[in-house]
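# Breakdown of the fold
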There are 2 protein chains.
Amino acid sequence: MSWRKETRRAERGYHHGNLKEALLQAALGLIAEKGAAGFTFADAARMAGVSAAAPYRHFRDRDELLSSIAQRGFEQFEARLTAAWDDGRPDTVTAFERVGRAYLAFAREEPAFYNAMFESGLPVDANPALQAASERAFNIIRAAAERLAALAPPGTPRPPAMMMALHIWSMAHGVASLFSRGDAARRKLPMSPDELLEAEVLIYLRGLGFPTDRRPPAKSAEPPPVPPEASSGSGVPPGGPWGKPK
Amino acid sequence: MSWRKETRRAERGYHHGNLKEALLQAALGLIAEKGAAGFTFADAARMAGVSAAAPYRHFRDRDELLSSIAQRGFEQFEARLTAAWDDGRPDTVTAFERVGRAYLAFAREEPAFYNAMFESGLPVDANPALQAASERAFNIIRAAAERLAALAPPGTPRPPAMMMALHIWSMAHGVASLFSRGDAARRKLPMSPDELLEAEVLIYLRGLGFPTDRRPPAKSAEPPPVPPEASSGSGVPPGGPWGKPK
DNA sequence: CAGCTCATGTGAACGGCTTTTACATGAGCC
DNA sequence: GGCTCATGTAAAAGCCGTTCACATGAGCTG
């Protein structure tokens, strides 16, 4: 492999090697630590061992660095949602809920990305590339909603997939941003953010007439993957989507 | 008129009169305009016509000004939610939805407050007074959820009110923060944020087994306030909570 | 009214940040 | 070896937050 060339460029490199990447990594750490508002360009430069002016060779200004991080964040976000969706396997509802959990997991595990993407206040629509990346991520949710909507029980009006996608997104974002991160996460909750979102989505899907007769925390041994039966019977699962107050 | 007395009491202030209030107002305007992150202490001072050091006679630092605004925001928020809830009149479900709309209306009409309260990244739990104000506001939603939970149709497990409250809050916050404010609001949506949230809440409530057979924009003449019928029949209202693509 | 006191406001100063500009350096190519 | 250009530095301007010594004048006391 071309390790040699890499080593000569990256490590032995002239002034720094790959300052751009170093700055992105440094910024990522700083944002995770102090939030997008607290992060400073100068700090990132210091952390990379260069002067305060050096970053301007790679980013027009501080905002462009932030945008780059958000962009990367949306790409990773999309990748994780795609993996979670897994093209609707083993069944649409299960996969759909997995997407919800992946959303929360991303918010929790990648606070810096999430912060840059959703809480930094940078104008997403000002940067076309950023907006496109954001849309690609959303499209995963949208595609999943599309598949779900197609499964709407017969006899019920088919819900618009776009609306469902927006609803799910707002739930996931609401839970993530209110209860799953930073200081706000310290509110004492009767259940974990994951359980909260899962119950919320299940109740919502039930409201649309979908069969959701699995109990969330129960690691049920996967019964026949979505027998496409009508299920328009009672619609009320025996346990309710919220866990027992253990 | 009581000009005199007013002058002596309110403007009892020395040089400026009531700089504290002036600073709060100035900050409010600046935050609405440029966001909590963009707002500067010096700018507020300038706007009030005093030196950059003057504000420190009234606020320990910039963060304390922000906290004061958030505090005030929570108080107004609570007042508006209380008015919207109107103790559950004319019926619980209608009042509940009105609370949701009030939430969005506040986010839209008071961007500065909303920003300081939920998007400024200030540690709510670090300031006891702030946390208390925040809790008082949430308690309105909680109380409404309590009343709603008590109406749960017989034969279905009663949903925990706290969970319902958290769900509703996350929906409202999610919609507000993704679609109803600032730059993100420019995403092209198939429906208004208000309609989006209303449909979301209706579907959710239906998922819990509540009768929600009113079409959102229809000003139905209030049939017997919440007829406690089973409703576990089909559970699927004729119209669906989403509007026709008019 | 004289004078004291203390809350309130000012000006100057420090350090830090962002951004620009002129200059330095060294990598890659001939 | 020498050229060129990308990459990094130093210095400076301008802004902000914050502090401190000092100024001012409102209201009380006598």
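Residues numbered from 1 in each chain as written. Chains lettered and ligands numbered in written order. Predicted model: local features only at pLDDT ≥ 70, side-chain atom pairs only at ≥ 80, totals over all residues. Heavy atoms only, no water.

The name that an unreviewed UniProt entry assigns to chain A is TetR/AcrR family transcriptional regulator, with the source organism given as Bradyrhizobium niftali.

## Focus: the relation of the copies chain B and chain A
The condition that has to hold: Least squares is the method for superposing the copies, and the C-alpha atoms it fits come from residues with pLDDT of at least 70 in both. The contact criterion used is simple: two residues touch if any of their non-hydrogen atoms lie within 4.5 Å.
Each copy of the sequence occupies a distinct position, and chain B is placed on chain A by a rotation of 180° and an axial shift of 0.0 Å, giving an RMSD of 0.1 Å. The relationship between the two copies is best expressed as a two-fold rotation axis. Take the interface residues of chain B: 98% of them recur as interface residues in chain A, which is what a same-surface contact looks like.

## So, the interface of chain B and chain A
Heads up, the rule is: The quantity reported as buried area is the accessible area (1.4 Å probe) lost by two parts once they are put together, taken as the sum for both. Salt bridges are identified by distance alone: a Lys or Arg side-chain nitrogen within 4 Å of an Asp or Glu carboxyl oxygen. Distance and chemistry together define a polar contact, namely a pair of N or O atoms within 3.5 Å, with one atom able to donate a hydrogen and the other to accept it when in protein, and with adjacent residues in sequence counting only for side-chain atoms on both sides.
On the side of chain A, 43 residues touch chain B, which itself brings 42 residues to the contact. Of the roughly 3700 Å² buried between chain B and chain A on both sides combined, carbon and sulfur atoms contribute 69%. Taken together, the links from chain B to chain A amount to 0 salt bridges. Linking chain B with chain A are 10 residue pairs in polar contact (both at pLDDT 80 or more).

## Considering the pattern of salt bridges
To keep it simple, the criterion reads: Residue exposure (1.4 Å probe, protein chains only): buried if accessible area is under 20% of the type maximum, exposed if over 50%, otherwise partly exposed. The numbering of helices and of strands both runs from the N terminus, where a helix is a DSSP run of H or I of at least 4 residues and a strand a run of E of at least 2.
Counted according to the given criterion, the structure contains 22 salt bridges over all chains. One salt bridge in this structure joins A:D43 and A:K34, with 3.2 Å as the shortest N-O distance. Taking the relative accessible area as the measure of exposure, A:K34 reaches 40% and is therefore partly exposed. For B:R108, the salt bridge goes to B:D194, with nearest N and O atoms at 2.7 Å. With a gap of 86 residues between them, B:R108 in helix α5 (residues 92-109) and B:D194 in helix α9 (residues 193-207) connect regions that are remote in the sequence.

## Concerning the side chain of A:S67
For A:S67, the location among the structural elements is in helix α4 (residues 62-85). Residues in contact with A:S67, not counting those within four places in the same chain, are A:L122, A:N127 and A:L130.

## Some remarks on the packing of aromatic side chains
Stated formally: Each aromatic pair joins two rings of Phe, Tyr and Trp (for Trp, the six-membered one) with centres within 6.5 Å, and gets the label stacked for planes under 30 degrees apart, edge-to-face for over 60, and tilted for any other angle.
Enumeration over the complete set of coordinates arrives at 22 aromatic pairs over all chains. On the numbers, 4.8 Å between centres and 45° between planes, the contact of A:F77 with A:F106 is tilted. Residue A:F77 is located in helix α4, and its partner A:F106 is located in helix α5 (residues 92-109); the two are separated by 29 residues in the primary sequence. Across the pair, exposure class does not vary: A:F77 and A:F106 are buried alike. Ring centres of B:Y114 and B:F118 lie 4.8 Å apart, and the angle between their planes is 55°; on these two criteria the pair is classed as tilted. Remark: B:F118 and B:Y114 occur in helix α6 (residues 111-119); sequence separation between them is 4 residues, near one turn of the helix. Judged by relative accessible area, B:Y114 falls into the buried class, the value being 0%. By relative accessible area, which is 18% here, B:F118 ends up buried. Members of the aromatic cluster, each reached through a chain of ring pairs, are A:F74, A:F77, A:Y103, A:F106, A:F113, A:Y114, A:F118, A:F138, A:W169 and B:F179.

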